[in-house]
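Inside the fold
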Amino acid sequence: MSGPLVLGIETSCDETGVAVVDGLTVRSSVLASQTELHSRFGGVVPEVAARAHVESIRLLAHQALAAAGIHSDQLDAVAATQGPGLAGALMVGFAFAKTLAWSLGRPFFGVDHMEGHLFAPRLEYPDYAPPAVVLLASGGHSQVVLVKAWGKYETMGETIDDAAGEAFDKLARYIGLGYPGGPAIDRESESGDPNAVPFPRALRDRPYDLSFSGLKTSVVTYLDRARDDGSLPSRPDIAASIQEAIVDALVEKTFNAVDASGVQTVAGGGGVLANRRLRRRLTDEADQRGVRLFIPSPMLCTDNGAMVGAVAVQRMADGAAPTPWSADIDAGLRL
Ligand code: KG4
Ligand code: ZN
């Protein structure tokens, strides 16, 4: 697909992301990460996030256009994340994008953040097409989605408590690895034994749903006891064991859905899909079954503006109506 030229803006959490897509080709993608800003609080502070988006969005938009080698009046549309996410953070990108589109006389598209993650593999894999089972795992959401067609989704399973990324973040903090926890556990696990501690794999009786709050409790209980009786494993061993428990659950539920639905295509999106152990395990399972697997490169797994632009490109191809100017953000939006 070539053209339209769309500016995609993502500000749902702690990354300001702006990109220019030309159809499903990424022309430019720039990012301002707020990690350092939030790290001393041990997590994302909503008000701090919103202010940081305000400070960086205009410059990032300029950078994205310059890197793509275009002027704003060449844009065919502007898109921004509408939800789910942090209300104050969402407002910044949404209002900025709407204003820019309005002033250029171009359509504006409000995009579901999780649909963005679901679309991200399309920016690298032209063969990725429905029907597909897609694992979406981020800091706020974890779900296994059956994609019947672009825009037609059935959530087969989802977390009944914490999201996978949230589990990584909370447990990393608990074992002293700081924020953000996912990348920290990924790194720490490199030299650890994933079978050092057999943490429980929850919800064995519900084929597609996920749960991570029990894991949290059992990690805390286990470490308290091990500290008391002096049998504490090394931190890399603990990290690798935690990672294995989370990855096991995600892989098992995804392939339960693949087996039940009979689809031949599996994909993944969201920050947790940047996890190296998860990518390895999904690849092995897909190979074993002979199904095709599409996981974007890590930069496109975590939040970015290009995935937002990609959803708008599809909506334009479908002839969908733009989002009305009166529309507002929806922090609780569901796929
Ligand atoms: O999609 P995302 O960038 O933002 C949200 O929509 O939430 O996902 C962020 C989440 C965080 O919880 C972060 O710890 C996790 O993705 N994450 C990872 C890795 N990189 C990011 N989790 C495990 N391993 C990683 N390498
Ligand atoms: Zn995300």
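Scroll up a little and you will see the structure.
Attention in this report is confined to the structure presented alongside it. (Residues numbered from 1 in each chain as written. Chains lettered and ligands numbered in written order. Predicted model: local features only at pLDDT ≥ 70, side-chain atom pairs only at ≥ 80, totals over all residues. Heavy atoms only, no water.)

So, the nonpolar core
Our working definition: Buried residues of nine kinds, namely Ala, Val, Leu, Ile, Met, Phe, Trp, Tyr and Cys, make up a nonpolar core once their side-chain atoms join them within 4.5 Å. Buried, partly exposed and exposed residues are distinguished by accessible area as a fraction of the type maximum, computed with a 1.4 Å probe on protein chains only: under 20%, between the cut-offs, and over 50%, respectively. A run of H or I in DSSP counts as a helix once it spans at least four residues, and a run of E counts as a strand once it spans at least two, with each numbered from the N terminus. Any two residues having at least one pair of non-hydrogen atoms within 4.5 Å are treated as being in contact.
The biggest cluster of nonpolar side chains holds 44 residues, and the ones touching the most others in it are Ile242, Ile246, Leu250 and Leu278. For this core, the secondary-structure elements that each account for two or more residues are strand E6 (132-137), strand E7 (142-149), helix H5 (164-174), helix H6 (181-188), helix H7 (213-228), helix H8 (235-261) and helix H9 (276-289). The dominant element in this core, judged by the number of residues it contributes, is H8, at 12 residues. Those residues in contact with Ile242, other than ones at most four positions away along the chain, are Leu171, Ile175, Ile185, Phe199, Leu215 and Val219. By size, the runner-up hydrophobic cluster in this structure holds 30 residues, among which are Ala120, Val145, Phe294 and Ala310.

A word on the packing of aromatic side chains
We apply this condition: Here a pair means two rings of Phe, Tyr or Trp (six-membered ring of Trp) with centres within 6.5 Å. Their orientation is stacked below 30 degrees between planes, edge-to-face above 60, and tilted elsewhere.
Tallied over the full model, the rule gives six aromatic pairs. Centre to centre, the rings of Tyr128 and Trp150 are 5.1 Å apart; their planes meet at 80°, and the pair counts as edge-to-face. Separated by 22 residues along the polypeptide, Tyr128 in the loop between helix H4 (113-119) and E6 and Trp150 in the loop between E7 and strand E8 (152-158) bring together distant segments of the chain. Exposure remark for Tyr128: the relative accessible area of 3% places this residue in the buried category. By relative accessible area, Trp150 is classed as buried at 18%. Between Phe199 and Tyr222 the ring centres are 5.6 Å apart and the planes differ by 90°, which places this aromatic pair in the edge-to-face class.

Some details on unusual backbone geometry
Put simply, Pro130 and Pro131 share a cis peptide bond, and its omega is 0°. Between Tyr179 and Pro180 the backbone carries a cis peptide bond, its omega angle lying at -5°. Residue position: Pro180 is located in the loop between H5 and H6.

Remarks on the layout of surface pockets
Let me state the cut-off plainly: In this analysis, the protein atoms alone were mapped onto a 1 Å grid. Cavities are point sets where a 1.4 Å probe fits without being able to get out; pockets are open sets with protein on both sides within 12 Å along at least five of seven lines; lining residues have an atom within 4 Å of a point. Grid points are joined across faces, edges and corners, and a volume is the space filled by probe spheres set on the points. In this classification, the charged set is Asp, Glu, Lys and Arg, the nonpolar set is Ala, Val, Leu, Ile, Met, Phe, Trp, Tyr, Cys and Pro, and all remaining amino acids, among them Gly, are polar.
Quantified by volume, the largest pocket comes out at close to 940 Å³. Together, 37 residues line the largest pocket, and Asp14, Ser138, Gly139, Asp169 and Pro180 are the ones closest to its centre. In terms of residues, the lining of the largest pocket owes the most to one element, H5, which gives six residues. Each residue belonging to the lining of the largest pocket can be placed in one class, and the counts come to 12 nonpolar, 16 polar and nine charged.

A word on empty space enclosed by the protein
Going through the model one piece at a time under the given rule, you end up with one cavity of 30 Å³ or more. When its volume is computed, the largest cavity comes out at roughly 40 Å³. In terms of lining residues, the largest cavity is bounded by Pro200, Arg201, Ala202, Ser211, Phe212, Leu215, Ala245 and Ala249. Class assignment of the residues belonging to the lining of the largest cavity gives a composition of six nonpolar, one polar and one charged.

Side note on the coordination of the zinc ion (ligand 2)
Octahedral metal centres with six donors ideally show angles of 90 or 180 degrees, and tetrahedral centres with four donors ideally show 109.5 degrees. The condition is simple: Any N, O or S atom lying within 2.8 Å of the metal counts as a donor, and for Na, K and Ca the limit rises to 3.2 Å; water is left out, so some sites can look incomplete.
For the zinc ion (ligand 2), the full set of protein donor atoms is His113 (NE2), His117 (NE2) and Asp303 (OD), at a range of 2.0 to 2.1 Å. Linear spacing of the donor residues for the zinc ion (ligand 2) on their chain is H-x3-H-x185-D. Note that His117 is positioned in helix H4 and Asp303 in the loop between helix H10 (298-301) and helix H11 (306-317), a separation of 186 residues in sequence. Assessed through its relative accessible area of 0%, His117 is described here as buried. Among the residues examined, Asp303 registers a relative accessible area of 13% and is labelled buried.

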